[in-house]
Amino acid sequence: MSPYRVAAPRHDDGTMLQSSTGQASPRVAKAKRMAPGLLVCFAVGAVSTALALPLPGISGLLIAIVIGILWRNTAPYPEVLKPGIAVAAKPVLRIGIVLLGLQLVIGDILGLGLWVIVAVFAAVGLTFWATMVVGRWLKMSLNQRLLIASGFSICGAAAVAGTDSVTDSDEEEVATAIAMVVVFGTIMIPLMPALAALLNFTPEQTGLLIGLSTHEVAQVVAAGGIVGGGALAVAVTVKLARVLLLAPILTGIALSRRRREGEAAEGEKKKRPPVVPFFVIGFLVLVGVRSTGVVPSGVLEVTQVLQGLALATAMFALGLNVHFKSLIKVGGRPVVLAASSTAVIILVGCAAVVLPELMGFSSV
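Residues numbered from 1 in each chain as written. Predicted model: local features only at pLDDT ≥ 70, side-chain atom pairs only at ≥ 80, totals over all residues. Heavy atoms only, no water.

## Re the overall build of the protein
Here is step 1: Scanning the protein from terminus to terminus reveals 16 helices and zero strands.
Here is step 2: The buried share of the protein, taken over its 364 residues, is 49%.
Here is step 3: Within the protein, counting contacts between residues at least 6 apart in sequence, those at least 24 apart form 79% of the total.
Here is step 4: Taken as a whole, the protein presents about 17,700 Å² of accessible surface, with 68% of it coming from carbon and sulfur. (Helix = DSSP H or I, 4+ residues; strand = E, 2+ residues; numbered from the N terminus. Buried < 20%, exposed > 50% of the residue type's maximum accessible area, 1.4 Å probe, protein only. Contact = heavy atoms within 4.5 Å. Areas by Shrake-Rupley, 256 points an atom, 1.4 Å probe, with all protein chains shown as cover.)

## Looking at helix α5 (residues 114-137)
Here is step 1: With 24 residues, α5 extends 34 Å from end C-alpha to end C-alpha; this agrees with the ideal 34 Å at 1.5 Å per step.
Here is step 2: Once α5 finishes, Lys 139 follows within two positions and takes phi at roughly 60 degrees, a positive value. (Expected span 1.5 Å × (residues − 1).)

## Thoughts on unusual backbone geometry
Here is step 1: Of note in this structure, Lys 139 is not a glycine but carries a positive phi near 60 degrees.
Here is step 2: Summarising the element assignment, Lys 139 is placed in the loop between α5 and α6 (142-155).
Here is step 3: The class of Lys 139 is exposed, set by a relative accessible area of 70%.

## Some details on the nonpolar core
Here is step 1: Counting 100 residues, the largest nonpolar core has Ile 178, Leu 212, Val 238, Phe 283 and Met 315 as its most contacted members.
Here is step 2: In terms of residue count, helix α8 (residues 171-198) provides more of this core than any other element does, 12 residues in total.
Here is step 3: Once you skip the residues sitting within four places of it in the chain, Val 238 turns out to touch Leu 112, Val 116, Val 120, Leu 208, Gly 211 and Leu 212. (Core = buried A, V, L, I, M, F, W, Y, C linked by side-chain atoms within 4.5 Å.)

## Some details on the environment of Val 166
Here is step 1: Along the chain, Val 166 falls in helix α7 (residues 157-167).
Here is step 2: As a C-alpha pair, Val 166 and Leu 255 span 89 residues in sequence and 9.5 Å in three-dimensional space.
Here is step 3: Beyond its immediate sequence surroundings of up to four residues, Val 166 is in contact with Leu 250, Ile 253, Ala 254, Arg 257, Pro 277 and Phe 279.

## Describing a nonpolar patch on the surface
Here is step 1: A surface patch of nonpolar side chains, about 480 Å² in accessible area, is lined by Phe 278, Ile 281, Val 285, Val 289 and Val 294.
Here is step 2: Within the secondary structure, Val 289 sits in helix α13 (residues 278-292). (Patch = residues over 30% accessible without salt bridge, like charges linked within 9 Å, V, L, I, M, F, W, Y side chains within 5 Å. Salt bridge = Lys/Arg side-chain N within 4 Å of Asp/Glu carboxyl O.)

## Describing the packing of α5 against α6
Here is step 1: The interhelical angle for the contact between α5 and α6, taken along N-to-C directions, is 150 degrees, at an axis separation of 9 Å. In terms of orientation, α5 lies roughly antiparallel with respect to α6. The way α5 lies across α6 gives a crossing that is right-handed. Of the residues in α6, those touching α5 at Val 124, Thr 127, Phe 128, Thr 131, Met 132, Gly 135 and Arg 136 are Leu 142, Arg 145, Leu 146, Ile 148, Ala 149, Ser 150, Phe 152, Ser 153 and Ile 154. (Axes fitted to C-alpha atoms, helices over the stretch in contact; angles between N-to-C directions. Parallel < 35°, antiparallel > 145°, perpendicular 65-115°, else oblique. Left-handed = near helix turned anticlockwise from the far one by under 90°.)

## Focus: the confidence of the model for the protein
Here is step 1: With 87% of its residues at a pLDDT of 70 or more, the protein has an overall mean of 84.
Here is step 2: When mean pLDDT is taken per element in the protein, α5 scores highest with 95 and helix α15 (residues 324-330) scores lowest with 78.
Here is step 3: Residue range residues 1-6 is modelled with pLDDT below 50. Its contacts to residues more than four positions away, or to other chains, number zero contacts. (pLDDT = per-residue confidence, 0-100.)

## Details of the packing of α5 against helix α16 (residues 333-359)
Here is step 1: Where α5 contacts α16, the two axes come as close as 9 Å, and the packing angle between them is 150 degrees. Judged by the inter-axis angle, α5 sits roughly antiparallel to α16. The handedness of the crossing between α5 and α16 is right-handed. In this structure, α5 contributes Trp 115, Ala 119, Ala 122, Ala 123, Leu 126, Thr 127, Ala 130, Thr 131, Val 134 and Gly 135 to the contact, and α16 contributes Leu 337, Ser 340, Ser 341, Val 344, Ile 345, Val 348, Ala 352, Leu 355, Pro 356 and Met 359.

## Here we look at the side chain of Gln 103
Here is step 1: If you trace the backbone, Gln 103 turns up in the loop between α3 (82-100) and α4 (106-110).
Here is step 2: Here Gln 103 is in contact with Leu 240, Arg 290, Leu 300, Thr 303, Gln 304 and Gln 307, once residues within four sequence places are set aside.

## Regarding the pattern of salt bridges
Here is step 1: Under the definition given, this model contains one salt bridge.
Here is step 2: Here Glu 79 ties to Lys 82 by a salt bridge, and the two come within 3.3 Å at their closest N and O atoms.

## Looking at the environment of Leu 112
Here is step 1: When you line up the elements, Leu 112 lands in the loop between α4 and α5.
Here is step 2: Along the backbone, Leu 112 and Val 234 are 122 residues apart, and their C-alpha atoms lie at a distance of 8.5 Å.
Here is step 3: When neighbours within four sequence positions are excluded, Leu 112 is seen to be in contact with Thr 237, Val 238 and Ala 241.

## Side note on α3
Here is step 1: The end-to-end C-alpha distance of α3 is 26 Å, a good match for the 27 Å that 19 residues give at a rise of 1.5 Å each.
Here is step 2: At Ala 88, α3 is bent by approximately 35 degrees, the largest bend along its length, and proline Pro 91 sits one to four residues beyond. (Bend = angle between axes of the 7 residues up to and from the residue.)

## Some words on the side chain of Ser 150
Here is step 1: One can find Ser 150 in helix α6.
Here is step 2: Among the residues examined, Ser 150 registers a relative accessible area of 0% and is labelled buried.
Here is step 3: If near-sequence neighbours (up to four positions away) are discounted, Ser 150 is found in contact with Phe 128, Cys 155, Ala 159, Val 160 and Thr 163.

Spelled out as structure tokens, the structure:
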């Protein structure tokens, strides 16, 4: 045998060429496995985004989730799609969350005023805490409580998926949380304007209530659009302030998980999760970049489309995990928890509007 080893042929980027025996490199083989599912998710995400363009108040994310749920519950999807679907549900979702940072401007948030900023922290913090407490009373798993708590207190399905990225929850838990967000968030669209009218709130006060309490950004746009322009502008800005709290919430969950895994693996060499997930750092960096005002409007428009496309692609993948028969087996506890979480955030929102009036100053 020759003492010299002949190097395997490689591409310019360093990846191995297909061997003479017809076997592809592991990287190429993995890409081929992921391609079918990823392409299907991307195609549905693109179609959903396009369908939403002429429909005010309707999000491509919501359309994509519904398409995924309908497909999952009316026809099976081929096994060959599963690897790509898994990529769409996590890495692509993280890209969408990072790009979401370019939609947030710190100055706009600070311009809401001290009372509204306090109300935003109260809505997210109290709802998250109450959901965790009630979920523990209901004897639900920690991951299930975290998924529902983040989804209902921050920004719906995107928060659920972001929390899944730092908890490694199972598919059933994620699907349950997504289903609860879709159902209860849709109910909030007509409910919040009706409640505000019953309480005789002004359009701006109604916008504050909608922004503080409604789960998805798209649902906020739909509910605010029912009331009118003044309400819509306030509602969206307040909602984006809640979205900004996604970063510290996910960081806190990651730190808690790191501590628990560190205790469980004491005396063992085990890789612990990062203190701050990398996609959360990316999100915060882009918030800072956008807040400087140096990003051209054309770039912002393109990244907004890409962000919506990435999230719609991920939402379709998540919708494929929502199986009604499996949800029925889960029982009524998630519904009770979701209803309790919704009730808490509505009460906090109403208090944020009413208390300033009682104390003699305007909330917005």
